[in-house]
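Understanding the architecture of this molecule
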Amino acid sequence: MLFCLIFIFRNAASDYPPLTLDYYKSTCPTVFEIVRKEMECAVLSDPRNAALVVRLHMHDCFVQGCDGSVLLDDTIDLQGEKKASENIHSLKGFRLIDRIKNMLESECPGIVSCADILTIAARDAVILVGGPYWDVPLGRKDSRTASLELANSNLPDANEGLLSILSKFIYQGLSVTDTVALLGSHTIGMARCVNFRPRIYGDFEATSDKTPISEAYLSNLKSICPTVGGDKNITAMDNVTPNLFDNSFYLTLVRGEGLLNSDQEMYSSVFGIETRKLVNKFAEDPIAFFQQFSESMVKMGNITNSDSFVTGEVRRNCRFVNT
Ligand code: HEM
């Protein structure tokens, strides 16, 4: 089945022009310091901020490539992506990115793109909650467009079957290994009841063999998320070390305690022979997880579209295109 998916593979990681590690070396040498300082304050005040930024970066890259399109507000002339089904009432962290952008604009005006800020901030977020370091290639441009339509179609849904989810990653040029490794981001952060209700009340007819959730854990989840109401109630996706970036998310899947159907599918789906192997590997070997995660984050961050290099810009305010 996966072979079929290869046909819709889109080589999204364009090499034009190549991103480089020292892109701001002469134009804004303090860029890493500034982003790190702001991220440190934010994560210290609330570790959830790390999760918000990592998700923001992913939701940027899956729509038109990593071009800051997710950050654009709706205006009379432009429909942004913030109202897409996977973003609305859910995606946060915009003010934190505004803060970093303001600091950078006063230090090196008009130089650092919002898309690059998101990419560096996501890397720092991971480090600050205990995850791995990786070098971040830079030089992305900010789009002058956004696509609500692509945001609605490209972003994965918590109650989507495994094959459909994998096809969305393959479409972005990411492999099955990348998918399982990147999903390890769910070792931090929270999900809302509206997204995990189908999992805990069994309303999910996809491909899962329904690895049972333990009774104690299930009744705790049901107390947070009733059958009706409480849609915005939240709980951690990693129920053991929710604020630590480690491999314990994969252990929750092995125990059958994945919070989202899409998470548990990686281990339990009847189509998930390869994904299950990877979940077992990352559950057993945290170093292998960290190595693969770093590599896959660079790959995801390199999803670009050539349009953004031709018509793109460095926005002065991440929420609006330059006039
Ligand atoms: C299988 C594909 C994926 C699906 C279906 C999915 C779905 C979700 C959902 C439903 C939530 C909770 C949102 C809410 O309830 O408001 C969430 C949270 C999160 N996702 Fe994913 N996700 C996927 C892959 C990824 C990837 C690849 C990354 C990063 C590389 C990521 C990073 C995060 C983070 C950090 C959070 C926590 C955000 C917070 O605390 O607000 N996810 N995801």
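Here's a quick rundown of the structure. (Residues numbered from 1 in each chain as written. Predicted model: local features only at pLDDT ≥ 70, side-chain atom pairs only at ≥ 80, totals over all residues. Heavy atoms only, no water.)

1. Some thoughts on the coordination of the iron atom of the ligand
- There is one protein donor for the iron atom of the ligand, namely His186 (NE2), at 2.1 Å.
- Note that His186 resides in the loop between helix H8 (176-183) and strand S1 (190-192). (Donors = N, O, S within 2.8 Å, 3.2 Å for Na, K, Ca; no water. Helix = DSSP H or I, 4+ residues; strand = E, 2+ residues; numbered from the N terminus.)

2. Let's talk about unusual backbone geometry
- Positive phi outside glycine occurs at Gln64, with the angle close to 65 degrees.
- Relative to the helices and strands, Gln64 is located in the loop between helix H3 (48-61) and helix H4 (94-107).
- Phi angles above zero are rare outside glycine, and His89 is one such case at about 60 degrees.
- As for its position among the elements, His89 is in the loop between H3 and H4.

3. Digging into the packing of H3 against helix H5 (residues 114-128)
- The geometry of H3 relative to H5 is characterised by a closest axis approach of 8 Å and an angle of 140 degrees between their N-to-C directions. For the element pair H3 / H5, the angle class is oblique. H5 is crossed by H3, and the crossing has left-handed handedness. In this structure, H3 contributes Ala50, Val53, Val54, Leu56, His57 and Asp60 to the contact, and H5 contributes Ala115, Leu118, Thr119, Ala121, Ala122, Ala125 and Val126.
- Broken down by class, the residue content of the contact of H3 with H5 amounts to 10 nonpolar, two polar and one charged. (Axes fitted to C-alpha atoms, helices over the stretch in contact; angles between N-to-C directions. Parallel < 35°, antiparallel > 145°, perpendicular 65-115°, else oblique. Left-handed = near helix turned anticlockwise from the far one by under 90°. Contact = heavy atoms within 4.5 Å. Nonpolar A, V, L, I, M, F, W, Y, C, P; charged D, E, K, R; others polar.)

4. Section: the state of the cysteines
- Scanning the entire structure with this criterion turns up four disulfides.
- Paired through a disulfide, Cys61 and Cys66 show a sulfur-sulfur distance of 2.1 Å. Here the S-S torsion is close to 115 degrees, and the disulfide linking Cys61 with Cys66 is therefore right-handed. Here Cys61 matches Cys66 in class, with each residue buried.
- Look at the chain and number its bonded cysteines as they come in the sequence; the links are 1-4, 2-3, 5-8, 6-7. (Disulfide = S-S within 2.5 Å. Buried < 20%, exposed > 50% of the residue type's maximum accessible area, 1.4 Å probe, protein only.)

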